[in-house]
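Secondary and tertiary structure notes
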Amino acid sequence: MIQSKRTNEPVWRDVYTYSSLPPSLSKLDEIAHNLWWVWNSDARELFLGLNEEVWETTNGNPVSVLRSLSQRKLRELESDEAFKAKISCVYDKFKTYMQEPYRTDAPSVAYFSMEYGLTNILKIYSGGLGVLAGDFMKEASDSNVDMVGVGFLYRYGYFDQVISNDGQQMAEYRAQVFNELPITQVKDAHGNPMKISVPYPGRVVYANVWQVAIGRVNLYLLDTDVSENSEWDRSITHQLYGGDWENRMKQEYLLGIGGILMLEELGIKKDVYHCNEGHAAFINVQRLVNLIEKEGLNFNEALEVVRASSLYTVHTPVPAGHDYFDEELFGKYMRDFPPKLGITWQEFVDMGRENPGSYEKFSMSVFALNTCQAANGVSYLHGAVSQKMFAPVWKGFFPEELHVGYVTNGVHLPTWMASIWKPFVHKHISDDIIHLQEKQEVWDKIQDIPDVEIWNMRKLMKRRFIDYVKSTYSLHPVNSKGEPSNTLSVIDKINPDALLIGFGRRFATYKRAHLLFTDLERLSKIVNNEALPVQFIFTGKAHPADGGGQGLIKHIVEISRRPEFDGKILFLENYDIRLAQRLIAGVDVWMNTPTRPLEASGTSGEKALMNGVLNLSVLDGWWYEGYKEGAGWALTDKRTYTNQYYQDQLDAETIYDLLEEEVIPLYYERASGAEYSSGWIQTIKNSMNFILPHFTMRRMMNDYIRRFYIPLSERSARLGADDRALVKEIVKWKEMVASNWHTLEVIETSVVKKGDSFNFIIGDHVKVTLLLDKHQVDCDLDVEVVVVEEEEDKSLKLQSVIPLQLVSQEGSRVMYELERIIDVPGHQKISIRVTPRYHALPHKMDFAYVTWIPLSLV
Ligand SMILES: *Cc1c(COP(=O)(O)O)cnc(C)c1O
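Residues numbered from 1 in each chain as written. Predicted model: local features only at pLDDT ≥ 70, side-chain atom pairs only at ≥ 80, totals over all residues. Heavy atoms only, no water.

The name recorded for the protein in an unreviewed UniProt entry is Alpha-glucan phosphorylase, from Porphyromonas cangingivalis.

Description of the overall build of the protein
Secondary structure summary: the protein contains 30 helices and 28 strands in total. Here the C-alpha atoms of the protein give a radius of gyration of 30 Å, agreeing with the 29 Å that 2.2 N^0.38 yields for 858 residues. Considered along the principal axes of its C-alpha atoms, the protein spans approximately 95 × 75 × 65 Å. A burial count over the protein gives 58% of its 858 residues as buried. Total accessible area on the protein stands at roughly 36100 Å², and carbon and sulfur atoms take up 50% of it. Distance from the positive charge centre (91 side chains) to the negative charge centre (115 side chains) of the protein: 4 Å. (Helix = DSSP H or I, 4+ residues; strand = E, 2+ residues; numbered from the N terminus. Rg over C-alpha atoms; globule rule 2.2 N^0.38 Å. Buried < 20%, exposed > 50% of the residue type's maximum accessible area, 1.4 Å probe, protein only. Areas by Shrake-Rupley, 256 points an atom, 1.4 Å probe, with all protein chains shown as cover. Lys, Arg positive; Asp, Glu negative; His and termini not counted. Charge placed at Lys NZ, Arg CZ, Asp CG, Glu CD.)

Remarks on the sheet that holds strand β21 (residues 745-752)
Reading across from one edge, β21-β22-β26-β25 is the order of the 4 strands in this open sheet, with antiparallel pairing throughout. This sheet does not close on itself; its edge strands, each paired only once, are β21 and β25 (805-810). The average angle at which neighbouring strand axes cross in this sheet is 15°, direction not considered. Two elements, strand β22 (residues 765-773) and strand β26 (residues 813-821), share 9 bridges in a ladder whose sense is antiparallel. Each bridged residue has a counterpart across the sheet, and for V766 the counterpart in β26 is R820. (Pairing = 2+ DSSP bridges. Axes fitted to C-alpha atoms, helices over the stretch in contact; angles between N-to-C directions.)

A word on the site of the ligand
Around the ligand, 14 residues are found, and the nearest of them are K511, G602, T603, S604 and K607. R505 is positioned such that a nitrogen or oxygen atom in its side chain is 3.4 Å from an oxygen atom of the ligand. Its free accessible area being 390 Å², the ligand has 96% of it covered by the protein chains. Contributions of two or more residues to the shell around the ligand are made by α7 (128-142), α25 (577-586) and α26 (604-609). When the residues that make up the shell around the ligand are grouped by side-chain class, the tally is 5 nonpolar, 5 polar and 4 charged. (Near = heavy atom within 4 Å. Polar contact = N/O pair within 3.5 Å; in protein donor to acceptor, adjacent residues only side chain to side chain. Nonpolar A, V, L, I, M, F, W, Y, C, P; charged D, E, K, R; others polar.)

So, the domain arrangement of the protein
Per the domain assignment, the segments making up the protein are domain 1 (25-99), domain 2 (438-689) and domain 3 (740-854). Summarising the inter-unit geometry, the C-alpha centres of domain 2 and domain 3 are found 53 Å apart. (Domains from an automatic or database assignment.)

Some points on the packing of helix α23 (residues 520-527) against helix α28 (residues 644-668)
Two elements in contact, α23 and α28, have axes separated by 11 Å at closest approach and are oriented at 15°. In terms of orientation, α23 and α28 fall into the roughly parallel class. For the element pair α23 and α28, the recorded crossing hand is left-handed. Counted together, R522, L523 and I526 of α23 and E653, Y656, D657, L659, E660 and I664 of α28 form the full contact between these two elements. Its residues assigned to classes, the contact of α23 with α28 comprises 5 nonpolar, no polar and 4 charged. (Parallel < 35°, antiparallel > 145°, perpendicular 65-115°, else oblique. Left-handed = near helix turned anticlockwise from the far one by under 90°. Contact = heavy atoms within 4.5 Å.)

Comments concerning unusual backbone geometry
Residue P597 is bonded to the preceding R596 through a cis peptide linkage, with omega at -5°. Take P597: it is sitting in the loop between β18 (589-592) and α26. Residues other than glycine seldom take positive phi values, yet Y241 does so here, at roughly 55°. With respect to the helices and strands, the residue Y241 is situated in the loop between α8 (231-234) and α9 (245-265). With relative accessibility at 14%, the residue Y241 sits in the buried group.

Regarding the UniProt feature "modified residue: N6-(pyridoxal phosphate)lysine" (unreviewed entry) in the protein
UniProt records the feature "modified residue: N6-(pyridoxal phosphate)lysine" (unreviewed entry) at K607, using the numbering of this structure. Structurally, K607 can be placed in helix α26. In contact with K607, not counting residues within four places along its chain, are V131, V411, W416 and I584. (UniProt positions renumbered as here; feature names shortened; annotations may be inferred.)

Topic: the UniProt feature "domain: DUF3417" (unreviewed entry) in the protein
According to UniProt, the "domain: DUF3417" (unreviewed entry) feature falls on residues 21-122. Within the segment residues 21-122, helix and strand shares are 56% and 4% respectively, and the terminal C-alpha atoms sit 23 Å apart.

Quick notes on the sheet that holds strand β17 (residues 569-572)
Strands sit in the order β17-β16-β15-β18-β19-β20 across an open sheet of 6 strands; the sheet is parallel. Of all the strands in the sheet, the pair left with one neighbour each is β17 and β20 (633-635). Strand-to-strand, the axes of this sheet are offset by a mean angle of 20°, without reference to chain direction.

Looking at a nonpolar patch on the surface
Residues Y16, Y18 and V177 make up a contiguous nonpolar surface patch of roughly 240 Å² in combined accessible area. As for its position among the elements, Y18 is in the segment before α1 (26-32). According to the relative accessible area criterion, Y18 is partly exposed, its value standing at 31%. (Patch = residues over 30% accessible without salt bridge, like charges linked within 9 Å, V, L, I, M, F, W, Y side chains within 5 Å. Salt bridge = Lys/Arg side-chain N within 4 Å of Asp/Glu carboxyl O.)

A word on the nonpolar core
Note on soluble globular proteins: their nonpolar side chains tend to be buried together. By size, the foremost hydrophobic cluster in this structure holds 181 residues, and its most contacted members are M147, M334, F348, Y709, L781, I832 and V834. For this core, the domains that each give at least three residues are domain 1 (25-99) and domain 3 (740-854). Not counting residues within four places of it along the chain, the set of residues in contact with V834 comprises W741, L744, L770, L772, L781, D782, V783, Y849, V850, T851 and I853. (Core = buried A, V, L, I, M, F, W, Y, C linked by side-chain atoms within 4.5 Å.)

Brief notes about the side chain of T743
Mapping T743 onto the fold places it in the loop between α30 (697-740) and β21. A relative accessible area of 16% means that T743 is categorised as buried. Only 2.6 Å separates the side chain of T743 from the backbone oxygen of N740, close enough to count as a polar contact. In this structure, T743 is in contact with D773, K774, H775, Q776 and V777, ignoring residues within four places of it in sequence.

Notes on helix α10 (residues 283-295)
With 13 residues, α10 should reach 18 Å at 1.5 Å per residue; the first-to-last C-alpha distance of 17 Å fits that figure. Of all 13 residues in α10, 10 are buried; the element is thus mostly enclosed. Positioned one or two residues after α10, G296 has a phi angle of 70°, which is positive. (Expected span 1.5 Å × (residues − 1).)

Considerations on the pattern of salt bridges
All chains considered together, the criterion is met by 50 salt bridges. Linking R833 and E401 is a salt bridge whose minimum nitrogen-to-oxygen distance equals 2.6 Å. Highlighted residues: R833 in strand β27 (residues 829-837) and E401 in the loop between α16 (380-390) and β14 (405-406), separated in sequence by 432 residues. Taking relative accessible area as the criterion, E401 reaches 22% and is therefore assigned partly exposed. Salt-bridge contacts for D451 lead to K685; the nearest nitrogen and oxygen are separated by 2.8 Å.

Thoughts on the side chain of K734
You can see K734 is positioned in helix α30. Given a relative accessible area of 12%, K734 falls into the buried group. Among residues more than four places away in sequence, those in contact with K734 are E304, L841, D846 and F847.

Remarks on the state of the cysteines
One pass over the full model with this rule turns up 0 disulfides. Note on C275: no disulfide assigned, nearest cysteine sulfur contributed by C372 at a separation of 4.6 Å. Under the relative-accessibility criterion, C275 is labelled buried at 0%. (Disulfide = S-S within 2.5 Å.)

A short note on the packing of aromatic side chains
Counted by the stated rule, this structure contains 51 aromatic pairs. Note on F152 and Y154: the rings are 5.7 Å apart at their centroids and 80° apart in plane angle, and the pair reads as edge-to-face. Owing to a relative accessible area of 0%, Y154 belongs among the buried residues under this scheme. By the ring-pair criterion, three or more aromatic residues cluster together here, those being Y111, Y116, F136, Y704, F708 and Y709. (Phe/Tyr/Trp six-rings, centres within 6.5 Å; stacked < 30°, edge-to-face > 60°.)

Digging into helix α29 (residues 678-691)
Counted at 1.5 Å a residue, the expected span for α29 with its 14 residues is 20 Å, and the 19 Å between its end C-alpha atoms agrees. The buried fraction of α29 is high, at 11 of 14 residues.

So, the environment of K332
Structurally, the position occupied by K332 is in helix α12 (residues 327-334). Once residues within four sequence positions are removed from consideration, K332 is found in contact with P201 and E246. There is a polar contact of 2.7 Å between the side chain of K332 and the side chain of E246.

If you want it as structure tokens, here you go:
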């Protein structure tokens, strides 16, 4: 028989064909390739005007819009003088913006982060951490700070969320087509794609480099999905927060080691190196190697230089949330470094351990703390939480004594203020609000805006959002209760006049998205009150490995399907920047219910605030600082249970109470004849007047500059002067103390007082003396009486630290003394603490030698 069919498998090649822009339209290409358009709506409108359909289907990608233009359309545009004038107008604005030089009163900064949330179409972010980093880069541009960002260009990035009929989250990874993105591949001197060679154990991993222009600053992204790499290494930059621990190790290796090698290749050097989270801490390994191999420093000297110029920002309030690598995996990747650094393997791994010499896993955070002079949390409360969390790293000091500081997170106003609200603010408050955003007195003007105008704007914004939901989500199965015939009914039931409350963020369990659903009967009464209707919209992704978070989504989807919540509670899938921008501006109230104190800062409530949306939130993170009476609502922090179940019950009750007694009545309060609630408008005015100015990215940038970047760069400059003379001095001093500290000898301590016990009476006169022989410890000492109280859980709480005075010195013998009248009643514990003192240390934790000396009575 003759075979009647024969073929082989086709091999398809991806081919992209684009129109090239005529010279007269090339300005458009330049604008498209700088993310300045993300926060400048007139630029966005240009692209929307060119091809609305492509703009919408690509979720606002100007590069795709330009690529889609047909030859005919291009010819049309070339002769469209009005449109060309519009282009010129935007282009001139862009050029004027770009011409401003970097400010000279702020150091230059290299910023390292696993994720950047800049625009929806660059899928290199997952949630709050990324959006913060993206906003920070935008603000660096607006604030003329000489900053460079380093990160990854992920092939798949974070997943797109699809919710199945039964409420199950499905993660879809879609490949990004890099050529369609508003980014530029970096070329080498010969015009070929630049390739970074990163030495991994036993092989070299190659990475392409992509440049993202963000106004006046650049972000450089590494991409290992290149043909020279094995499949196993190509996938290093495939997914954000995907894969196993080994993949995470390979990623953090690339971000740190590869990131520094890339900056070198690009010829970029900065004053300060900023690790956004511990993920990036390996930058300091490569920086040490560079100083040792290229500048001839020894390890101790190199560490002084690196530490002096490094800042570590922690975002995670619980130790379990940090990255730890077991020694074997860590060794597999890092074993070649100790010889390069001139230290032993043991010394190297111990830099990532709270207890050197133990079998603890290698902690990226501890390594970051040991190689960065400065560290900070991301809100006032989180600063304190971080001090407690990190206290075991510096034994001998109490949490509140640590150098770990804080900068409260903020958000980039031009990105998050809705484009229809911005002109309103310009008109009524200031057309220069971008520059004046931090000034509370400028915002005072909001008090003079007629209530009705604010009400109408807010109504318009809500209606726009609901229209968006209707047009975008109607056909999604999650809102159709599994039956196509229901598809439209649920979303059509949204009532644009009802009070609308939004909740959107990652579905991590500590964020307690379920809290509202604690008492369904009570909730049903609230949403089904015909006279005072209320609706809720929920949205958010759960990490694909977080079963608990996915369970919450399912739970909420199921509840939203019940008849009594039909059209009253809605779950929108695939929360991302685009949805966030609409949701945050379109609801009336933004709700946040985290378990205290696990919300390091939170930022979405700050975004809401900028749009006249009110916050109802737990007093945690930024809201602990932001909340003011009459400007939003807070769940009290006064009563707390250690039992989480009781705490959840209490917090749920508080939410229902607040809704029933305050939020809903205020929203529906109407003076006779009025169609709006003046009390509500006053609350909006208060929140924008008194809270907003303090939670902008501008304020956050200035805090980082003042609290960290300037002190770091000043000390670095001192250390670098005169051929690093001070570095050598510090190292010599530390070596002297380190090798002689054990010779410190206590000759005598005494407490002189009436009576022969440690029982004091208020008013007693007490004299404490300490006689020491310093032997070879040739430096000044700090000698202090430390007073603590024992807490119920047996932990010790610092009460006071009282210095003793040096009263005599004979040879190496020194006498310290303190006289005191006892004035505090109660049960306390006291001891003496001795530490070395040196003028060139940034703080005590930099060289944490501590000797405790027990007191005895005379
Ligand atoms: C702002 C933002 C977040 C962070 O929200 P939090 O309330 O701070 O957790 C997460 N995802 C997206 C898309 C955001 O825009």
